[in-house]
Amino acid sequence: QEAQALLEEKEASLRAVQEKLKTLQGQLDEASAKKQDLQAQVTDCATKLERAEQLIKGLGSEQARWSELSQQLEDRFKNVTGDILLASGVVAYL
């Protein structure tokens, strides 16, 4: 009788521990899934950051090109009046 009661008590304790283990396993699975999701996000962000850096470097070279082009146009604009006078003199001569 006493042994049976002790056995039932220990089985109840075992079931409680198994339930707790099941709960903890579920939490571990959720945490693992969240970890994988976060790792995927980190990889995605790293890829986006790398692409953004490449774009910024590309735009930096474009800035240099546009600055040079702007300087050339400014130089041409300074000479436009003289070019027009020269062209009108040639046309008048012909």
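These figures come from a predicted structure and were not determined experimentally.

Caption draft 1: Inspection of the overall build of the protein at higher detail. Of regular secondary structure, the protein possesses one helix and zero strands. In terms of overall size, the protein is more extended than a compact globule, its C-alpha atoms giving a radius of gyration of 40 Å where 94 residues would be expected to give roughly 12 Å. With respect to the three principal axes, the spread of C-alpha positions in the protein is 135 × 15 × 15 Å. Looking at the protein as a whole, 0% of its 94 residues qualify as buried.

Caption draft 2: How the structure looks around the pattern of salt bridges. Per the stated rule, a full pass over the model turns up two salt bridges. Note that K48 and D44 form a salt bridge whose closest N and O atoms lie 3.4 Å from each other. One end of the pair is K48 and the other is D44, both in helix α1 (residues 2-93) and four residues apart, which spans about a single turn. Accessibility expressed as a relative area gives 51% for K48, which makes it exposed. The partner of E62 in a salt bridge is R65, with the nearest N and O atoms 2.9 Å apart.

Caption draft 3: Looking closely at α1. With 92 residues, α1 should cover 136 Å at 1.5 Å per step; its first-to-last C-alpha distance of 132 Å lies within 8% of that length. Along α1, the sharpest kink reaches roughly 45°, centred on V80.

Caption draft 4: How the structure looks around a nonpolar patch on the surface. A contiguous nonpolar patch, built from L86, V90, Y93 and L94 and spanning about 560 Å² of accessible area, is present on the exposed surface. The exposed category is assigned to L94, whose relative accessible area is 83%.

The rules behind the values
- Residues numbered from 1 in each chain as written.
- Predicted model: local features only at pLDDT ≥ 70, side-chain atom pairs only at ≥ 80, totals over all residues.
- Heavy atoms only, no water.
- Helix = DSSP H or I, 4+ residues; strand = E, 2+ residues; numbered from the N terminus.
- Rg over C-alpha atoms; globule rule 2.2 N^0.38 Å.
- Buried < 20%, exposed > 50% of the residue type's maximum accessible area, 1.4 Å probe, protein only.
- Salt bridge = Lys/Arg side-chain N within 4 Å of Asp/Glu carboxyl O.
- Expected span 1.5 Å × (residues − 1).
- Bend = angle between axes of the 7 residues up to and from the residue.
- Patch = residues over 30% accessible without salt bridge, like charges linked within 9 Å, V, L, I, M, F, W, Y side chains within 5 Å.
- Areas by Shrake-Rupley, 256 points an atom, 1.4 Å probe, with all protein chains shown as cover.

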